[in-house]
Amino acid sequence: MKHKFIVTYFILAMATLSIARVFQIIFLLEPTTGFYKTEYSSTHILYITFFICVIVVLGAFAMASRRMPTHAPKVDKSLGFVSFFVAISFVFSSAIDLVNGFSSMKILTSMFSLLAAIFFVIYGLSGFTNIKVPPVAILFVFPVWGFRLISSFISFTGMANITENIYDILMLCANLFFFVIMAKILSGVYVIRSIRYAYPIGLIASLLCITCSLPRYFVVLIGRINVLHESTTLDISVPAVGILIAVFTFKLYCRNNLDKKKRSTQTIAYNGLNAEQMSGEYIIDHDEK
């Protein structure tokens with residue numbers, strides 16, 4: 001599968017699912033319960049089928065990519081800036097949680113968010129300085145996603161089937177899976193195998209981050225915040241991480257990150273004649289690894 005086709009499908013899938021999510025939030029869901037409105041109950045199956053098909057096809061296209069990088073992408077300035085943006089988003093998210101009131105869960109979430117911000121600061125600095133990212137530093141990212149996943153089950157017990165909560169849980173699981181793969185790549189553990197799975201998992205995780213967050217912000221911007229369920233959160237770190245995952249994944253599979261093939265030539269003897277005695281030259285091309 002060609003790289004440009006995969007990128008194009010990813011963009012179209014992101015736009016399509018985002019529009020579908022906006023329509024779903026505004027017209028199909030009941031704000032007070034979070035479930036589908038009675039008259040649209042049958043639409044639930046269609047939406048699930050559509051979302052699953054789009055995501056599965058995206059993963060299949062990514063797995064069929066012709067490209068096969070062998071190492072992590074270099075942290076350049078663009079990836080460094082995005083990493084800084086993610087760090088700021090986690091700090092901002094932590095501050096918002098504490099401003100809205102103190103509780104044990106909010107304090108833990110804030111602590112884990114700040115811990116994740118430390119990794120993204122270090123990762124971003126590696127794009128501007130000679131600082132190398134310690135492999136153990138990426139472990140700072142896991143507590144925040146793991147704790148958010150656990151709190152999604154605990155806080156909304158009895159409402160686990162609420163549509164918004166289902167999207168959040170899928171997104172958190174995909175993020176955890178991606179950062180496990182990213183940790184292996186940066187640590188040099190099963191690099192080739194991890195890179196192979198990084199493309200589909202990364203694109204799916206990024207897609208879920210965007211479709212779980214941007215439609216909610218759009219609904220708020222158009223003045224329809226009243227249609228959002230009370231359990232719905234507006235966390236800027238989610239779209240920020242989605243952007244980072246997309247940038248990292250595409251840089252991982254971009255042409256500049258592929259091993260360059262060198263072309264060499266050599267002359268061969270024919271019927272005992274050397275190169276000077278031959279009237280023609282036979283060229284052998286081979287790729288050096």
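Residues numbered from 1 in each chain as written. Predicted model: local features only at pLDDT ≥ 70, side-chain atom pairs only at ≥ 80, totals over all residues. Heavy atoms only, no water.

Asker: Explain the overall build of the protein here, please?
Answerer: Helices and strands together make up the secondary structure of the protein, namely eight helices and two strands. When the helices and strands of the protein are read in sequence order from the N terminus, they spell out α-α-α-α-α-α-α-α-β-β. Counting all 289 residues of the protein, 44% fall into the buried class. Pairs at least 24 residues apart make up 75% of the contacts formed inside the protein by residues separated by at least 6 positions. Entry remark: accessible area of the protein is about 15,600 Å², with carbon and sulfur atoms responsible for 67%. (Helix = DSSP H or I, 4+ residues; strand = E, 2+ residues; numbered from the N terminus. Buried < 20%, exposed > 50% of the residue type's maximum accessible area, 1.4 Å probe, protein only. Contact = heavy atoms within 4.5 Å. Areas by Shrake-Rupley, 256 points an atom, 1.4 Å probe, with all protein chains shown as cover.)

Asker: Mind showing me how you'd approach unusual backbone geometry here?
Answerer: Trans is the prevailing form of peptide bonds, just as negative phi is the prevailing case for residues other than glycine. Not every positive phi belongs to a glycine, and Tyr190 is a case in point at roughly 45 degrees. Examined against the element boundaries, Tyr190 turns out to sit in the loop between helix H6 (163–187) and helix H7 (191–221). Look at Tyr190 and you get exposed, because its relative accessible area is 55%.

Asker: Any chance you could explain the pattern of salt bridges here in plain terms?
Answerer: Where side chains of opposite charge bring their charged atoms close, a pairing between them can arise. One pass over the structure, following the stated rule, counts five salt bridges. Within this structure, Arg21, Glu164, Asp168 and Arg216 form a network of salt bridges that share partners. (Salt bridge = Lys/Arg side-chain N within 4 Å of Asp/Glu carboxyl O.)

Asker: Is there a simple way to think about the side chain of Ser213 in this case?
Answerer: Assignment of secondary structure puts Ser213 in helix H7. A relative accessible area of 5% means that Ser213 is categorised as buried. A polar side-chain atom of Ser213 sits 2.6 Å from the main-chain carbonyl oxygen of Cys209. Once you skip the residues sitting within four places of it in the chain, Ser213 turns out to touch Val238 and Pro239. (Polar contact = N/O pair within 3.5 Å; in protein donor to acceptor, adjacent residues only side chain to side chain.)

Asker: In this structure, what is going on with helix H4 (residues 104–125)? I would like to understand it.
Answerer: In an α-helix, one turn spans 3.6 residues; hence positions three or four apart end up facing the same way. Between its first and last C-alpha atoms H4 spans 32 Å; for 22 residues at 1.5 Å apiece the expected length is 32 Å, and the two agree. Buried within H4 we find Thr109, Ser110, Ser113, Ala116, Ala117, Phe119, Phe120, Tyr123 and Gly124. (Expected span 1.5 Å × (residues − 1).)

Asker: Would you mind showing me how to read a nonpolar patch on the surface here?
Answerer: A surface patch of nonpolar side chains, about 410 Å² in accessible area, is lined by Phe85, Phe92, Ile96, Ile236 and Ile243. Ranked by the residues each element gives to the nonpolar patch, the list is headed by helix H3 (residues 77–99), at three residues. You can see Ile243 is positioned in helix H8 (residues 237–252). (Patch = residues over 30% accessible without salt bridge, like charges linked within 9 Å, V, L, I, M, F, W, Y side chains within 5 Å.)

Functional significance is not addressed by these values, which are geometric in nature.
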